[in-house]
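Here's the letter readout for the chains.
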Amino acid sequence: MSELRDRLLRLSQNLWWSWNADLDGIFRAIDRELWREVNHNPITFLSQVSGEALLSKDRDASILAQTIRAEKRLEDYMTSERHWTSWNAPALTACPIGYFSFEFCIHESLPIYSGGLGVLAGDHLKSCSDLGLPVYGVTLLYRQGYFRQRIDHDGRQQEVYQDLDASSVPIEPLRKSNGELLTVPIPIADKILEAEIWRAQVGRCQLLLLNLCEHQNDPDTTRVFRLYGGDKSTRLTQELALGLGGYRALRVLGIRPGVLHMNEGHCAFATLEAVADRMERTGLNFREAADDVAESSVFTTHTPVAAGHDYFEPALALHYLRPLQARLGLSDHELLALGRVNPNNPHEEFCMTVLALKMSRRANAVSSLHGLVSRRMWQSLWPDRRPRDVPIGHITNGAHVDTWLNSELTQLYSDCLGSDWREHMCDPVRWRRIEHLDEFQLWNIKVALKHRLIQFMARRLQQQRSRTGDARPLPELRESVLTIGFARRFAVYKRALLFFEDYENAKRMLTNPERPLQLIFAGKAHPADEPGKALLRRLTEIAQDPALHNHLIVLEDHDMNMSRHMLEGCDLWLNSPRRPLEACGTSGMKAVFNATLNCSTLDGWWDEAFDTKNGFAYGDGEVHVDANLQDRHDAKSLQETLLHAVIPLYYAREGQRVPIAWLRMVKHALTTLAWRYNADRMVIDYTRRMYLPASRTQTAHIEQ
């Protein structure tokens, strides 16, 4: 038996490896090709790597030393009390925080995420771990997760669902002392669901995953195990399972959270379960217990689009909430009023966002502009207040740097910023040292990363085309060409086709023989979003134009791994939401850390971040009543910005082999943006402005 295998397997049980570059280097050194094929999943890697390869590395002193160092680093990380929380918020070290989210993106091997909401939740949990906050993530263990995307020759999206192989990821079911699975009952409508409690260790934090037991459910339960699958009844079942079951799971494990953080309205039922629990323990009435719970609850809204908020018909809500209603002692009118703007309107549907806002004393949007939009959107809940006085603030999102930053750039930043730069992530003075970064070194790394991206795309395209029978040769992409990335959900308001509004001009820009462009698209449309799917079909049709063969690429099955390659290898990150419908847009932040410039409308985070010198913006920053007019205006502005600002700057070499002015803009972007738009700053803001004021340290505890 290989000693190295045993050591690496133990290290793999904590998802700390998903943001640790040392482990990545160890696995690459053992078998680089296999490491790539298994999408950087160490458990799958160790199950497939040959015994001979591992035994040969057992005798490699360098590999063994790296592994022992990684073990020591993890041990020190887990046991040290020298972290941000112990110095800046010591009261919270004894105050467990329950962080509920419908999805979490920790690593692509655990596909319980679909996009930005899950990525944000995963980055939040990782930074809580790094900063030493005692946070318990709570979500559902979707047996089929989100779908794998296949795009046929005509651009039609096909959704493929695969069962999760729990043995391939570091999650485990929790058990009682007698070995039986630990479960919680969840009363929903006229039945009781049983949910197993599973756990993943995410650094210092734990992620609890509720696995609904299939034999206890209705025969047609497949959709319950899919993220965002099924109809309204399915969604209501999932949200009750998350809220009620999640809070019960914490209590079964002896955890009484001092703060409840709801990441979007899907989680709002957790507050009602907390109220019922408090009523049953203390004898308080509903109003007294609800005031108590609301005082210690935090709500983050991510959705400026009305369709993104969950509404349920009153009769459906009442049917599913009957068991909870009985425990709360509320009439039909009183219960439905919790989810209504106008409690006296019997026809108004039950809204989860309204419930979350009413059941929390602290609420925030995820960017400054989104805060303004949210206050206007929900002003009707506070009709006596002006929009600016509505109690919804904002904490702008951030990206977890070690998850998304390329390892070569990590070393470059360490050389420039100092080896302890991560401990000063939010220090603008430290980031000014980037001004001394050598442009030639930076350029050489970016060229190498673009070469890696081109190789990755070739492999993925070969797989796509062999499956669809597309016999065309693969595109011939070049490292010397300005490469633009667009990777996000295909929703109409994100306007993936904005650049092609004037198709002939777009074609001329792409194929300019002296200053060509390479444009890479990736993203999924929601299975029920037919307009989004139509955008994908049209984009595929455009990509089949023979003139654009080497200039426009559409990749299928966008996931975390693909995002990394694109963020690292692209020169420019394109975003085109219709203002003000992008809540934040954290992919652009990840681009910054990977020395990729942003080009976006003034929406989400870019509205507050752009200073005219740290990237590019297009459009006039105004909202037009006529959306079609706004789209035409923004499309023209995008092409003009690319033509007159982006392309000339990239191809201007001034007698050098590298674009010095472009790289100086990259350095300015890092100097002005990196310290602000990282997840550590985001979590510190949550701690100071939300968690500390909301914490109930006198009642919060973890039972021994």
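This structure is a prediction, so every number in the text was calculated from the model and none was measured.

Q: I'm lost on the nonpolar core in this one. Help?
A: Residues Phe269 and Tyr691 are the most contacted members of the largest nonpolar core, which totals 137 residues. Look past the residues within four positions of Tyr691 in its chain and what remains in contact with it is Leu92, Ile97, Tyr99, His124, Leu133, Val259, His261, Val298 and Tyr686. In terms of nonpolar packing, the next biggest core, distinct from the first, is built from 79 residues, Leu539, Cys584, Leu673 and Ala674 among them.

Q: Any chance you could explain helix H1 (residues 3–12) here in plain terms?
A: Note that an α-helix has 3.6 residues per turn; residues three or four places apart therefore point the same way. Along H1, the residues classified as buried are Leu4, Arg5, Arg7, Leu8, Leu11 and Ser12. On an axial view of H1, the arc spanned by its buried residues comes to 165°, and they lie on one face. Buried residues belonging to H1 abut helix H2 (21–37), helix H3 (42–48), helix H4 (51–58) and helix H5 (61–79). Capping the start of H1 is the job of one residue whose side-chain oxygen sits 3.2 Å from the backbone nitrogen of Leu4: Ser2.

Q: Is there a simple way to think about the environment of Ala61 in this case?
A: Tracing the backbone shows Ala61 in helix H5. Each C-alpha atom of the pair Ala61 and Arg150 lies 44 Å from the other, and the pair is 89 residues apart in sequence.

Q: Is there a simple way to think about the packing of aromatic side chains in this case?
A: What describes a pair of aromatic rings is the distance from one ring centre to the other and the angle between the planes of the rings. Scanning the entire structure with this criterion turns up 28 aromatic pairs. Ring geometry for Phe102 against Tyr142: centres 6.0 Å apart, planes inclined by 80°, an arrangement best described as edge-to-face. Taken together, the positions of Phe102 in the loop between strand S1 (97–101) and helix H7 (116–131) and Tyr142 in the loop between strand S2 (135–140) and strand S3 (148–151) put the pair 40 residues apart, joining distant regions of the chain. For the pair Phe102 and Tyr142, a shared accessibility class is recorded, and that class is buried. Centroid distance Tyr413 to Trp421: 6.0 Å. Interplanar angle 90°. Geometry classified as edge-to-face. Per residue, the accessibility class of Tyr413 equals that of Trp421, and both read buried. Of the aromatic side chains, those joined through ring pairs into one cluster are Phe102, Tyr142, Tyr146, Phe147, Tyr161 and Tyr228. Here the basic side chain of Arg204 rests over the ring of Tyr77, its NZ or CZ set 4.3 Å away from the ring centre.

Q: Looking at this model, I keep getting lost on the sheet that holds strand S20 (residues 597–601). Mind explaining?
A: Picture the strands of a sheet paired through backbone hydrogen bonds; they go either parallel or antiparallel. Read across the sheet, 6 strands follow the order S18-S17-S16-S19-S20-S21 without closing on themselves; strand pairing throughout is parallel. Strands with a single pairing partner mark the edges of an open sheet, and in this sheet they are strand S18 (552–555) and strand S21 (616–618). Along the sheet, successive strands turn relative to each other by an average axial angle of 20°, direction set aside. Sheet topology places S20 next to S21; 3 bridges connect them, and they run parallel.

Reading guide: rules and limits
Residues numbered from 1 in each chain as written. Predicted model: local features only at pLDDT ≥ 70, side-chain atom pairs only at ≥ 80, totals over all residues. Heavy atoms only, no water. Core = buried A, V, L, I, M, F, W, Y, C linked by side-chain atoms within 4.5 Å. Buried < 20%, exposed > 50% of the residue type's maximum accessible area, 1.4 Å probe, protein only. Contact = heavy atoms within 4.5 Å. Helix = DSSP H or I, 4+ residues; strand = E, 2+ residues; numbered from the N terminus. Arc of directions from axis to C-beta. Polar contact = N/O pair within 3.5 Å; in protein donor to acceptor, adjacent residues only side chain to side chain. Phe/Tyr/Trp six-rings, centres within 6.5 Å; stacked < 30°, edge-to-face > 60°. Lys NZ or Arg CZ within 6 Å of the ring centre and 35° of its normal. Pairing = 2+ DSSP bridges. Axes fitted to C-alpha atoms, helices over the stretch in contact; angles between N-to-C directions.

In short, the description is geometric, and any link to function would need to be established separately.
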